[in-house]
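Notes for the structure review
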Amino acid sequence: MENLYPRNNIIAIDLKSFFASCECVERNLDAFTTPLVVCDPNRNGAITLAVTPYLKKFGVPGRCRVYELPKNIEIIKVPPRISLYIQKSKEVLSVYLEFVAKEDMHVYSIDEVFLDVTNYLKMYKMSTYELAETIIKRIKEKTGLTTTAGIGPNLLLAKVAMDIEAKHVSTNIAEWTYDDVPTKLWPITP
């Protein structure tokens, strides 16, 4: 199956709980131990924009009404600061540009990107997995933000590897190939 399709080396990278993580970094808090929510704290019916990974462990969804937040946890509610998130996103984009040229970077959203690293692996003398590790380590060092990365031979498999597997493993990295399609992609429901 592997030879039937083009084989590129794509890394999809997502900034974990981006808005909430930015707020934690700015406050010198750990997003994995802090119950923080980005929302309008003065409006009980407002929708949350982001919750920390800590709250996600307790089943709190990233988007819910403020009144739906658990009452048994003392939650820090902070108003959104879009200019901060844009600045942090720019910092992260500058990290990507340390590793790839602008034309090999596709910005998908404020917190998500696809990098085509096909033509860089020989230069760096790294596998795609090693390069993903290096990039996410550099993002953490430079910005304090945690990322997840999916690796695949095309945009779709890289994105699905990230969303389905990388976000749930301790390394925060998952690599899928065309051979993984029947065993990893097809069983996904709904």
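In this report, the structure presented in the accompanying data block is examined.

Focus on the overall build of the chain
Scanning the chain from terminus to terminus reveals seven helices and eight strands. With the principal axes as the frame, the chain shows a C-alpha extent of 55 × 35 × 25 Å. Each of the 190 residues in the chain was classed as buried or not, and the buried ones make up 46%. Considering only contacts within the chain whose residues lie at least 6 apart along the sequence, 57% involve residues at least 24 apart. Total accessible area computed for the chain in this model is approximately 10,100 Å², and 54% of it derives from carbon and sulfur atoms. When the 23 basic and 23 acidic side-chain charges of the chain are each reduced to a single mean position, those positions are 6 Å apart.

As for the sheet that holds strand E2 (residues 36–38)
Taking strand neighbours across the sheet as the criterion, the three strands line up as E3-E2-E4 in an open arrangement whose pairing is mixed. Both outer strands of the open sheet, strand E3 (50–51) and strand E4 (76–78), are each paired with one neighbouring strand and no more. Two elements, E2 and E3, share two bridges in a ladder whose sense is antiparallel. Within E3, the position partnered with Val 37 by the bridge is Val 51. Of the strands in this sheet, E2, E3 and E4 touch helix H1 (residues 18–26), which is tilted by about 120° from E2.

Quick word on the nonpolar core
Generally speaking, a soluble globular protein has its nonpolar side chains buried in company with each other. Core analysis: the biggest nonpolar cluster contains 35 residues, and Ile 13, Val 38, Tyr 96, Leu 115, Val 117, Ile 135 and Ile 139 have the highest contact counts within it. Breaking this core down by element, the ones donating at least two residues are strand E1 (10–15), H1, E2, helix H3 (82–99), strand E6 (112–116), helix H5 (128–143) and strand E7 (147–152). The element contributing the most residues to this core is H3, with six residues. Ignoring anything within four residues of it in the chain, the contact list for Ile 13 reads Tyr 96, Asp 111, Glu 112, Val 113, Leu 115, Ile 135, Thr 147, Thr 148, Ala 149 and Met 162. Grouped together as the second largest cluster of nonpolar side chains are 12 residues, Val 51, Leu 55, Val 66 and Ile 73 included.

Details of unusual backbone geometry
Going from Thr 189 to Pro 190, the amide bond is cis rather than trans, its omega being -5°. Turning to its location among the elements, Pro 190 is positioned in the segment after helix H7 (181–185). Here Ser 17, not a glycine, exhibits a phi torsion of approximately 45°, which is positive. Counting through the fold element by element, Ser 17 comes out in the loop between E1 and H1. At Asn 172, a residue that is not glycine, the phi angle is positive and equals roughly 65°. Looking at where Asn 172 falls in the secondary structure, it is placed in the loop between helix H6 (155–165) and strand E8 (173–175). Judged by its relative accessible area of 15%, Asn 172 is buried.

Quick look at the sheet that holds E7
Strand order in the open sheet formed by five strands is E5-E6-E1-E7-E8, and the pairing between neighbours is mixed. In this open sheet, the two edge strands, each paired with only one partner strand, are strand E5 (105–109) and E8. Geometrically, the sheet is characterised by an average inter-axis angle of 15° between neighbouring strands, direction not taken into account. Looking at chain direction, E7 and E8 are connected through three bridges and run parallel. Paired with Ala 149 across the two strands is Ile 173, which belongs to E8.

Conventions used here
- Residues numbered from 1 in each chain as written.
- Predicted model: local features only at pLDDT ≥ 70, side-chain atom pairs only at ≥ 80, totals over all residues.
- Heavy atoms only, no water.
- Helix = DSSP H or I, 4+ residues; strand = E, 2+ residues; numbered from the N terminus.
- Buried < 20%, exposed > 50% of the residue type's maximum accessible area, 1.4 Å probe, protein only.
- Contact = heavy atoms within 4.5 Å.
- Areas by Shrake-Rupley, 256 points an atom, 1.4 Å probe, with all protein chains shown as cover.
- Lys, Arg positive; Asp, Glu negative; His and termini not counted.
- Charge placed at Lys NZ, Arg CZ, Asp CG, Glu CD.
- Pairing = 2+ DSSP bridges.
- Axes fitted to C-alpha atoms, helices over the stretch in contact; angles between N-to-C directions.
- Core = buried A, V, L, I, M, F, W, Y, C linked by side-chain atoms within 4.5 Å.

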